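Residue-level structural notes
Below are the chains, spelled out letter by letter.
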Amino acid sequence: MRTLRQALPVDLRKWPGKAAVKKNMTLDLALISFGTIVGLSLGLTGSGGAILAIPLLSYGAGLPMQQVMVISLLMVAIIAAFGAFRQSLVGQVDWQAAFVFSLIGMIISPAVVALTHDLNETLRLVAFAGLMMIVAWRMVKPVARNERVGHTGTKSRPHPVKIAVGGALAGALAGFFGVGGGFVIVPLLILIFALPYKQAVGTSLASIAMISSSALFGHFMKGANLDTSLLINFI
């Protein structure tokens, strides 16, 4: 007579034990909690998703940095695209400025991903800590009037060098850190294209969606895999 173990269609020796199940459940609960924190931040402030998501997923969930960056970029791209669509309905997106600004960034971001793909994770995290300090400094320092209200005078033709440098900076941030870079893109759009503040914010969402998608493509070209179960629990 066949035993119960022999009759089952799976090998019980390969079945996850209690310790593995408990570990997976703990990770799932952590990811759901971290996703809630990021969602609350985005809902209350409209930004800062990747800045919070990266340390939470890396230090809190213990995920490898490459997986963290893929999840972060996908989250940023989806949220920014949805936000840009909403802003475009009320005329707050300058699509021409968004495309022109993002073009260089869409070229630079996958190139940076390819060049830094094998960079030591500790070094990348140390650099990310420096980026967080810059973001914190920008949040506490007095905001210049032209950044607060944007341009209100006659628009001038944007300088190609400024466009290239600004787009390259945004692309480098997305490719190296996996962040949207809205804290840099908004003031650059005001400076380069002389946009009013509200329109600069809406336009930045379109730029973030395009540049983040390009960086995400760069990761997939380097063989990155997306763990859908981690993504679903986090989102």
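Preceding this section is the structure that the text describes.
Treat the numbers as computed from the prediction; the structure is a model and nothing was measured. Every chain is numbered on its own, with residues counted from 1 as its sequence reads. Restriction of local features to residues with pLDDT of at least 70 applies here, the model being predicted, together with a cutoff of 80 or more for giving and counting side-chain atom pairs; totals for whole chains, interfaces and linings are based on all residues. Hydrogens and water are ignored here; the side-chain numbers use all heavy atoms of the structure.

1. Topic: the overall build of the protein
Numbering of helices and strands runs from the N terminus; a helix is a DSSP stretch of H or I covering at least four residues, while a strand is a stretch of E covering at least two. Looking only at helices and strands, the protein features eleven helices and zero strands. Buried residues in the protein amount to 43% of all 235 residues. Per-residue accessibility takes into account occlusion by the displayed protein chains alone, with areas from the Shrake-Rupley method and a 1.4 Å probe. Working note: accessible area of the protein is about 13300 Å², and carbon and sulfur atoms make up 68% of it. Only protein chains enter the area calculation, which uses a 1.4 Å probe; residues under 20% of their type maximum are buried, those over 50% are exposed, and those in between are partly exposed.

2. Examining the nonpolar core
Grouping buried Ala, Val, Leu, Ile, Met, Phe, Trp, Tyr and Cys residues that are joined through side-chain atoms within 4.5 Å yields what is termed a nonpolar core. Counting 61 residues, the largest nonpolar core has Leu63, Phe101, Val179 and Phe193 as the members making the most contacts within it. Among the elements that line this core, the one with the most residues is helix H4 (residues 65-89), at eleven residues.

3. Details of the packing of aromatic side chains
Side-chain rings of Phe, Tyr and Trp, where Trp is taken by its six-membered ring, are said to pair if the distance between their centres is within 6.5 Å; with planes under 30 degrees apart they count as stacked, over 60 as edge-to-face, and otherwise as tilted. Evaluated as defined, the whole model comprises three aromatic pairs. Seen from their ring centres, Phe128 and Phe177 are 6.0 Å apart, and the 55° between their planes marks the pair as tilted. Of this pair, Phe128 sits in helix H6 (residues 121-140) while Phe177 sits in helix H8 (residues 160-177), and the two are 49 residues apart along the sequence. A single burial state applies to Phe128 and to Phe177, both of which are buried. Pairing Phe176 with Phe177 gives two aromatic rings, centres 4.8 Å apart and planes at 80°, and the pair type is edge-to-face. For Phe176, a relative accessible area of 18% gives the class buried. Its relative accessible area of 10% is what places Phe177 among the buried residues.

4. Focus on helix H5 (residues 95-116)
The span one expects for a helix is its residue count, reduced by one, times 1.5 Å. For H5, with 22 residues, the first-to-last C-alpha span of 30 Å sits near the 32 Å given by 1.5 Å per residue. For a residue, the bend is simply the angle between two axes, fitted respectively to the seven-residue segment ending there and the seven-residue segment starting there. At Ser102, H5 shows its maximal bend, which comes to roughly 35°. Considered for burial, the residues of H5 that qualify are Ala97, Ala98, Phe101, Ser102, Gly105, Ser109, Pro110, Val112, Val113 and Thr116. In protein, a polar contact means a hydrogen-donor-capable atom and an acceptor-capable atom, both N or O and within 3.5 Å, with residues adjacent in sequence counting only if both atoms are side-chain atoms; elsewhere, any N or O pair within 3.5 Å suffices. Here H5 starts with a cap whose side-chain oxygen sits 3.3 Å from the backbone nitrogen of Gln96, and that cap is Asp94.

5. Description of the packing of H5 against helix H10 (residues 197-221)
Between the N-to-C directions of two axes lies an angle of 0 to 180 degrees, each axis being a line fitted to C-alpha atoms and, for a helix, fitted only over the stretch in contact. The geometry of H5 relative to H10 is characterised by a closest axis approach of 8 Å and an angle of 25° between their N-to-C directions. With respect to H10, the element H5 is oriented roughly parallel. Handedness of the crossing formed by H5 with H10: right-handed. For the pair H5 and H10, the contacting residues are Trp95, Ala97, Ala98, Phe99, Phe101, Ser102, Gly105, Met106, Ser109, Pro110 and Val113 in the first and Thr203, Ala206, Ser207, Met210, Ile211, Ser214, Ala215, Gly218 and His219 in the second. Each residue belonging to the contact of H5 with H10 can be placed in one class, and the counts come to twelve nonpolar, eight polar and no charged. Any angle that is under 35 degrees is reported as roughly parallel, and any over 145 degrees as roughly antiparallel; angles of 65 to 115 degrees are reported as roughly perpendicular and all others as oblique. Each crossing gets its hand from how the near helix is turned against the far one by less than a right angle, where anticlockwise is left-handed and clockwise is right-handed. Whether two residues touch is decided by their heavy atoms; if any such pair falls within 4.5 Å, the residues are in contact. Under the scheme applied, nonpolar residues are Ala, Val, Leu, Ile, Met, Phe, Trp, Tyr, Cys and Pro; charged residues are Asp, Glu, Lys and Arg; polar residues are all the others, including Gly.

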